Amino acid sequence: MQQQLLVVALVAVAIASLPQLAAGKKLGKRCVNCTYRTYYTYGDGRSLQRVVYRDPVYTRAQSYGSGCSGSPCGVNAVCQEASGGRPVCSCPPGFSGNPLTHCNRGECLDNVDCRGNLQCKDNRCVNPCVGACGIGSNCDARNHVAVCSCPAGYNGDPYHACHLNDPEEQCHPSPCGVNTKCEIINGVPTCSCVHGYVGNPLSGCRHECDHDGDCSSRDMCSSDFKCVPACGQCGTGATCRTVSNHRAVCECPKGYIGSPYTECRPECYGDADCPAGRPACFYGICKNTCEGACGIGADCNLRGLTPVCSCPRDMTGDPFVRCRPFTKEDLCDPNPCGTNAICVPGHDNTGRERPVCNCLPGHTGNPLSHCTRGECLSNNECPDHRACINYQCIDPCIGKCATGASCEPKAHLAVCRCPQGQSGDALVSCRQTRTFPVAKYH
């Protein structure tokens, strides 16, 4: 089976001949059953067409015009008529060689004939990155075009030269406004107002104030054009009482001396700096330590620097709280008696009021010092043969019966009896009973 070859012939068609077509003039013969496609146009308006046919023998380019009749040019060459109808042969774009004998087709006519990472140059598919980018730059061939870029950490014009990044370059020229400073923070240019200026650093900064009226009512405009508290005019240790018309009204604290607009200092630094009437130095102020130390109506006397408070002789109370005149109840408050003793207002032998101390019921002892609870308070707390006397369980017979009488304690009582042969009141006395002789009568 005979293999057919596909031959592509280039035919130049002069656009100048188009008026002849419009005038009805017949051009030279054209290839039958061929396909024509315009792929190149000259500067003078003439164009080249590509002819595709299947004749393995006929490969010469067809040309039209009276001077080019008979195909005087070589294979694949293009014939054009010069002035006077003289034929001029040339190789079409994409071809090279001797146009009078043979023009050889190049590797490509345009970029579409090359891979995406190659470029058609001088009819050859070449790397478009060769010589395209600047020093130190990267090149990536994309869609037949060299795409140049600077590597990470570098900047500059990738088509001229790339150099290592200098973060400070982002501030030169400064992107900030007037009266600002540009700093690189975390790789980003950051604008801020210079000291003493306020505002938007991107557009420009200005003085915070030029006169007091630019500040709030309690501030003043300082010499460095900043609004500062007016109370800063007061001296060391002084108090700012108020602000009037952006000016401070200063005063020294109580007990301090000096000028409130320069310095206020303490009245004293130690007790030695104080006068006799106010001998103690407290936090820079000379004071009488008795002031406010004692209660109402109390007397205060200094013992060195220590205040000693006491109520006057005819008064009583807490000298640190209040002193008041004596009452009868004050004789027993506080209780002057001993333990387990009670105090009641009374009188001494001269009739003067005095506290009287007694032991509590059921107690015995010295009421001025200590009273001790007795053994009993009633007979019920004692055995049957004992009686509760003076808070002690004792024999009830002691001292109860008459001399010579017998006593038997029973039910906490003394039961007295005169001995046999005696009679009388056993509680008073017992006496011998008299016997009389009995007369016998006969």
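The model shown is predicted, which means the values in this text are computed figures rather than measured ones.

Engineer: Pulling in residues and values, what's your account of the side chain of Asn-76?
Structural biologist: Secondary-structure assignment places Asn-76 in the loop between β3 (47-53) and β4 (78-81). We classify Asn-76 as buried; its relative accessible area is 11%. Within the local environment of Asn-76, its side chain forms a polar contact with the backbone oxygen of Cys-103, the two atoms lying 2.9 Å apart.

Engineer: Could you give an account of the pattern of salt bridges, with specific residues and numbers?
Structural biologist: A full pass over the atoms with the stated rule returns seven salt bridges. Among the salt bridges present, the one from Asp-140 reaches Arg-142, with a minimum N-O distance of 2.6 Å. Looking at Arg-142, the relative accessible area reads 48%, which means it is partly exposed.

Engineer: Requested: an account of the pairing of strand β10 (residues 138-142), with residues and values cited.
Structural biologist: Both β10 and strand β11 (residues 145-149) contribute to a ladder of five bridges, which runs antiparallel. Within the sheet, the bridge partner assigned to Cys-139 lies in β11 and is Cys-148. The loop that links β10 with its antiparallel partner β11 comprises two residues; one of these, Asn-143, has a positive phi angle of about 55°.

Engineer: I'd like a rundown of unusual backbone geometry, residues and numbers included.
Structural biologist: Cis rather than trans, the peptide bond between His-172 and Pro-173 has omega equal to 0°. Summarising the element assignment, Pro-173 is placed in the loop between β13 (161-164) and β14 (180-185). In this structure, Pro-334 follows Asp-333 across a cis peptide bond, with omega equal to 5°. For Pro-334, the location among the structural elements is in the loop between β29 (322-325) and β30 (341-347). If you check the backbone angles, His-144 has positive phi at about 70° while not being a glycine. Mapped onto the fold, His-144 is located in the loop between β10 and β11.

Analysis parameters
Residues numbered from 1 in each chain as written. Predicted model: local features only at pLDDT ≥ 70, side-chain atom pairs only at ≥ 80, totals over all residues. Heavy atoms only, no water. Helix = DSSP H or I, 4+ residues; strand = E, 2+ residues; numbered from the N terminus. Buried < 20%, exposed > 50% of the residue type's maximum accessible area, 1.4 Å probe, protein only. Polar contact = N/O pair within 3.5 Å; in protein donor to acceptor, adjacent residues only side chain to side chain. Salt bridge = Lys/Arg side-chain N within 4 Å of Asp/Glu carboxyl O. Pairing = 2+ DSSP bridges.

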